[in-house]
Amino acid sequence: MYIEWTERAAGKIADKLEGQKGHLQLKYDTDGCGCVVSGVTALWLVNEAEEGTEKVETNGIPLFVETSKMIFLDESMKIDFVPEANSFQLKSPNQILNPRMSFFNKM
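An unreviewed UniProt entry annotates the protein as Heme biosynthesis protein HemY of Peribacillus simplex.

Spelled out as C-alpha cells, the structure:
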C-alpha cells in the first residue's frame, strides 16, 4: 500500500501536529456504524502505534494503518486537504473514500 500526501495536506497536518511527538494512524473507525464494512476513515494522532497496525509507504509523513482494515482500502491512495471544507480527503484513482476526513488528537 502506498499513500501520497499532497503538499496542502502535508502542510496542514504539520500545523496540527505542532511539533508533538506521536504516530499518525489512518483509522478505519466503525464505532456507531453498526457493521464493520460501514466504517469511516479518519486521521488519529496517538502516543504509540496500536497493536495490529503496520507502517505503510508514503512520500514523507509516516502513517500507520490497521492491518485487518487494509482490505477496505485501495492499494494506492492520496491524502489531500480541501480548504473550502476545512477537512482532509482520502481518495484513490478509482474513488473518493472519504471526502471529509477528520483529524483527531488522541494523545
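That covers the picture; the talk isn't over yet.
Colleague: Honestly, the overall build of the protein in this entry has me stumped. Any pointers?
Modeller: When helices and strands are counted, the protein shows one helix and nine strands. Shown N-terminal to C-terminal, the secondary structure of the protein runs as helices and strands in the order β-α-β-β-β-β-β-β-β-β. The C-alpha atoms of the protein give a radius of gyration of 13 Å, which matches the 13 Å a tight globule of 107 residues would have. Based on the C-alpha atoms only, the size of the protein along its principal axes is roughly 35 × 30 × 25 Å. Within the span of the protein, comprising 107 residues, buried residues form 38% of the whole.

Colleague: Just to check I follow, could you spell out the environment of Ile13 for this structure?
Modeller: With respect to the helices and strands, the residue Ile13 is situated in helix α1 (residues 7–17). What makes Ile13 buried here is its relative accessible area of 0%. Counting along the chain gives 75 residues from Ile13 to Phe88, while the straight-line C-alpha distance between them is 9.1 Å. Contacts of Ile13, omitting those with residues within four sequence positions, involve Trp5, Leu24, Leu43, Ile61, Phe88 and Phe103.

Colleague: Is there a simple way to explain the sheet that holds strand β1 (residues 2–5) in this structure?
Modeller: The strands that make up a sheet pair up through hydrogen bonds in the backbone, lying either parallel or antiparallel. Strands sit in the order β8-β7-β6-β1-β4-β5-β2-β3-β9 across an open sheet of nine strands; the sheet is mixed. The open sheet is flanked by β8 (96–101) and β9 (103–105), the only strands paired with a single partner. On average, each strand axis in the sheet is inclined to that of its neighbour by 30°, with strand direction left out of account. Here strand β2 (residues 23–29) runs beside strand β3 (residues 40–46); their pairing, made up of seven bridges, is antiparallel. Paired with Gln25 across the two strands is Trp44, which belongs to β3. Packed onto the sheet, α1 meets β1, β2, β3, β6 (76–82), β7 (87–91) and β9 and runs at close to 65° relative to β6.

Colleague: Explain the packing of aromatic side chains to me, please; I cannot follow it from the model alone.
Modeller: A ring pair, where both rings are aromatic, is described by two values, the distance of the centres and the angle of the planes. A complete count under the given rule lists two aromatic pairs for this structure. When the centroid spacing of 4.8 Å and the interplanar angle of 10° are considered together, the rings of Tyr28 and Phe72 count as stacked. Taken as a pair, Tyr28 in strand β2 and Phe72 in the loop between β5 (63–66) and β6 lie far apart in primary sequence, 44 residues in all. Note on Tyr28: relative accessible area 9%, which makes it buried. Over the ring of Trp44 we find Lys106; its NZ or CZ atom is 4.4 Å from the centre of that ring.

Colleague: Whenever I open this one, the pairing of strand β4 (residues 53–58) confuses me. Can you help?
Modeller: The side chains of a regular strand alternate, residue by residue, between the two faces of the sheet. With two bridges joining them, β1 and β4 adopt parallel strand pairing. Paired with Ile3 across the strands is Thr58, a residue of β4. When β4 meets β5, the two strands line up antiparallel, connected through four bridges. Bridging from a neighbouring strand, Val56 pairs with Leu63 of β5.

The rules behind the values
Residues numbered from 1 in each chain as written. Predicted model: local features only at pLDDT ≥ 70, side-chain atom pairs only at ≥ 80, totals over all residues. Heavy atoms only, no water. Helix = DSSP H or I, 4+ residues; strand = E, 2+ residues; numbered from the N terminus. Rg over C-alpha atoms; globule rule 2.2 N^0.38 Å. Buried < 20%, exposed > 50% of the residue type's maximum accessible area, 1.4 Å probe, protein only. Contact = heavy atoms within 4.5 Å. Pairing = 2+ DSSP bridges. Axes fitted to C-alpha atoms, helices over the stretch in contact; angles between N-to-C directions. Phe/Tyr/Trp six-rings, centres within 6.5 Å; stacked < 30°, edge-to-face > 60°. Lys NZ or Arg CZ within 6 Å of the ring centre and 35° of its normal.

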